[in-house]
Amino acid sequence: MKKNMLIMLLLTVATALMAQTPTATINIWEGMTPPTDNGLTGDEQNHGLYISNVTQPTLTVYVPRRCTGKAVIACPGGAYGVVWTGTEGHNFASWFNSKGVTYAVLKYRMPNGHRTVPLEDFQRAITIMREHAEEWGGYSVVGVMGSSAGGHLASTAATHYTDAVTRPDFQILCYPVTSFQDGLVHTVTMDNLLGTEKTTEMRNYYSNEKQVTAETPRAFIVHAADDRTVTAKASTAYANALIDHGVPTTLQIYPTGDHGCTTNESWMYNNIYLNALANFLTNVPLKPVVNGEEVIYTFDEFENQYTVYSNKPESITEADGALHTEADSEHKIIFESETPMDEFEVSCDISLAEPIVNAGLYVLATKPQNDPDKITAFNVHVERFNGASALTPRIFRFDSNSGYLGTLASGSAYTPKGDTVNLKVICKNNTLYVYLDNSIDPVITYQLPETGLAGDVGLRSQYSKCTFDNFRIKSNQYLKKGTSDVNAVSISAANDSLYNLQGQRIQQPTANTVYIANGRKNIQH
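Residues numbered from 1 in each chain as written. Predicted model: local features only at pLDDT ≥ 70, side-chain atom pairs only at ≥ 80, totals over all residues. Heavy atoms only, no water.

Draft legend 1. Local environment of the overall build of the protein. A tally of regular secondary structure across the protein gives eight helices and 32 strands. A sequence separation of at least 24 residues applies to 71% of the contacts in the protein between residues at least 6 apart. For the protein, the accessible surface area stands at approximately 22,600 Å², while carbon and sulfur atoms represent 47% of it. (Helix = DSSP H or I, 4+ residues; strand = E, 2+ residues; numbered from the N terminus. Contact = heavy atoms within 4.5 Å. Areas by Shrake-Rupley, 256 points an atom, 1.4 Å probe, with all protein chains shown as cover.)

Spelled out as structure tokens, the structure:
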């Protein structure tokens, strides 16, 4: 089948190769001995679009002009006998780079009776990619892409990783071999990897739909229903396993296209699948990493990198990693994510220093794209009135029609212990969970609107003398300091005028109206 594609694809691939110059090509085992020797000797054979007798595995990297924080390693197919680096590798570099994705092509060794060899090469390659993240674009997530038998290697990498470094952050599978079960298997691929004397245990182990767990990375899968080489049922079996374990999954099966559909630019569904793939890549969450470890943000990491919205900015001070506010002012400290955070954990110790205190955590819960004038904020306040303390959740929503910020709902009060309260908010699966004083079970559970995920997080103090200490944010997104056009609002006293998010005066409020502050200030603290 692939030989029949040569004439059709030769011009396209040659043009792509000439148009895209790799940033680096690295021998992945330079100065090292691979864990397993595949026994192949002699020179590699370069046939233009594919390579046989691979003895020097390499990683060829293409860095975009502006990286969006994502990278992918492509594993071309070839039934574990050759590697089609042209049609299923280098020719995708321009497209991925145009989406701001650092793209790398792995020329991996053939197993030749040593089934661990291809995965060893991939795990070495992803380790190299993480080590060179800053040099090759500044990405924080690295995914795997595989076509045909390369899809088997990619799905194996996604289900047989050994640690956080070797685990891909996402997987893209094109007409993949995913299973060695009867009715799903591509026999040549299986025989080349496992040999002719394979056992049922070995076939099950490399049937990757049987190895999926809840920790398997999110997936994008594309296949043609009329594929005569690798059945599309293998993709549906793998996708069903992912769905059963709650793994975010995009499955695209098109009526026609046969094997190698995504390598054919004249394929009638080519633009449709590429648009779907672009959307998938956009929604892959970034994560802050330092040497492979997730970052937990504190005030120390954010020194001079947050925005204070305040009617009296000079009344907030920072000392020893804690923030101190005065009683006659109001503040909102915002930490923004580069893209909406679908998972985060934020916590803080709040010391209540006066008989009348209102302070707490602030979460921008959702910003519907079809109505940018509306925001929904989730405020968890620790309130203290004349010595009696309570925890009060409040849901605020700005209505562009009526032009005010009003309370939609309130939860049950909870009496905290002592004058210092530990407050923690966790967002997961579009639900907010509030914990008080390290409680085992949440004291409040709030389902977010379906229109959006969690966005910015921060602290809020309303006319209170208090201290915020041990502030921590653990996020699956990069965080940054707030900007002047952030859709956060400050609340002010009743004798001020009401302004919308664009600073336009709307009306003169009554004493009971909660509203946007007149003369809001954006101060880089």
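Draft legend 2. Broad picture of the sheet that holds strand E7 (residues 101-107). With respect to topology, eight strands assemble into an open sheet ordered E1-E4-E7-E5-E8-E9-E10-E11, the strand pairing being mixed. Lying at the two open borders of the sheet, with one neighbouring strand each, are strand E1 (24-27) and strand E11 (249-254). Across the sheet, the mean angle separating the axes of adjacent strands is 15 degrees when strand polarity is ignored. Where E1 meets strand E4 (residues 58-62), four bridges bridge the pair, whose relative direction is antiparallel. Looking at E4, one finds that Ile26 is bridged to Leu59. Against the sheet, helix H8 (residues 270-283) touches strand E5 (70-75), E7, strand E9 (170-174), strand E10 (218-224) and E11, its axis set at about 175 degrees to E10. (Pairing = 2+ DSSP bridges. Axes fitted to C-alpha atoms, helices over the stretch in contact; angles between N-to-C directions.)

Draft legend 3. Fine view of the sheet that holds strand E2 (residues 45-46). Pairing is antiparallel across the open sheet formed by three strands, whose spatial order is E2-E3-E6. This sheet does not close on itself; its edge strands, each paired only once, are E2 and strand E6 (82-83). Where strand E3 (residues 51-52) and E6 come together, two bridges link them in antiparallel fashion. Its bridge partner lying in E6, Ser52 is registered against Val82.

Draft legend 4. Quick peek at the pairing of E7. Burial of E7 is extensive: seven of the seven residues sit out of reach of the surface. Burial of the side chains of E7 extends over both faces: Val101, Tyr103, Val105 and Lys107 are buried on one face and Thr102, Ala104 and Leu106 on the other. Bridge count between E4 and E7: five bridges; the pairing is antiparallel. Directly across from Thr58, in E7, lies its bridge partner Lys107. (Buried < 20%, exposed > 50% of the residue type's maximum accessible area, 1.4 Å probe, protein only.)

Draft legend 5. Just the pairing of E10, in detail. Of all seven residues making up E10, seven are buried, and the element is well covered by its neighbours. Here E10 shows a buried face lined by Arg218, Phe220, Val222 and Ala224 and a second buried face lined by Ala219, Ile221 and His223. Pairing geometry for E10 and E11, over six bridges, is parallel. Considered in E11, the bridge of Ala219 is made with Thr249. On the question of chirality, the crossover connecting E10 to the parallel E11 by way of helix H7 (residues 232-244) is right-handed. (Right-handed = clockwise from strand over helix to strand, strands pointing away.)

Draft legend 6. Geometry of empty space enclosed by the protein. Overall, the coordinates contain two cavities of 30 Å³ or more when judged by the stated rule. Taken as a whole, the largest cavity encloses approximately 40 Å³ of empty space. What lines the largest cavity is simply Tyr80, Arg115, Pro118, Leu119, Leu153, Thr156, Leu193 and Tyr206. Looking at the lining of the largest cavity, the elements that each hand over two or more residues are helix H3 (117-131) and helix H4 (149-159). Tallied by class, residues from the lining of the largest cavity come to six nonpolar, one polar and one charged. (1 Å grid on protein atoms, 1.4 Å probe; cavity = no way out; pocket = protein on both sides within 12 Å on 5 of 7 lines; lining within 4 Å. Points joined across faces, edges and corners; volume = space filled by probe spheres on them. Nonpolar A, V, L, I, M, F, W, Y, C, P; charged D, E, K, R; others polar.)

Draft legend 7. Here's a closer look at the pattern of salt bridges. For the structure shown, the criterion picks out seven salt bridges. Here Arg109 makes a salt bridge to Glu120, at a shortest N to O gap of 3.8 Å. Taken as a pair, Arg109 in the loop between E7 and H3 and Glu120 in helix H3 lie far apart in primary sequence, 11 residues in all. With a relative accessible area of 4%, Arg109 lands in the buried category. Across the pair Arg203 and Asp182 runs a salt bridge whose closest N-O atoms are separated by 2.8 Å. Taken together, the residues Arg203 in helix H6 (residues 200-205) and Asp182 in the loop between E9 and helix H5 (187-194) connect sequence positions 21 residues apart. When its relative accessible area of 66% is taken as the criterion, Asp182 is described as exposed. One salt-bridge network, held together by shared partners, links Arg109, Glu120 and Asp121. (Salt bridge = Lys/Arg side-chain N within 4 Å of Asp/Glu carboxyl O.)

Draft legend 8. Layout of the side chain of Thr262. Inspection of the secondary structure puts Thr262 in the loop between E11 and H8. When its relative accessible area of 4% is taken as the criterion, Thr262 is described as buried. Here Thr262 is in contact with Phe92, Cys174, Tyr175, Val222, Trp267, Asn270 and Tyr273, once residues within four sequence places are set aside.

Draft legend 9. Seen up close, the nonpolar core. Leu59, Ile73, Leu106, Tyr108, Phe122, Met129 and Tyr139 are the most contacted members of the largest nonpolar core, which has 49 residues in total. If you tally residues by element for this core, the top one is H3, at six residues. Not counting chain neighbours up to four residues away, the residues in contact with Tyr139 comprise Cys67, Gly69, Lys70, Ala71, Thr102, Met129, His132 and Ala133. One finds Ala74, Trp267, Phe280 and Leu281 within the second-largest nonpolar core, a separate group that totals 32 residues. (Core = buried A, V, L, I, M, F, W, Y, C linked by side-chain atoms within 4.5 Å.)

Draft legend 10. Region of interest: the packing of aromatic side chains. Under the defined criterion, the tally for this structure stands at 11 aromatic pairs. Judged by centre distance (5.6 Å) and plane angle (50 degrees), the rings of Phe220 and Phe280 are tilted. In this pair, Phe220 sits in strand E10 while Phe280 sits in helix H8, placing the two residues 60 residues apart along the sequence. Classification of Phe220 as buried rests on a relative accessible area of 0%. A residue is classified by how much of its surface remains accessible, and Phe280, at 8% relative accessible area, is buried. (Phe/Tyr/Trp six-rings, centres within 6.5 Å; stacked < 30°, edge-to-face > 60°.)

Take it as geometry only, folks, not as evidence of what the structure does.
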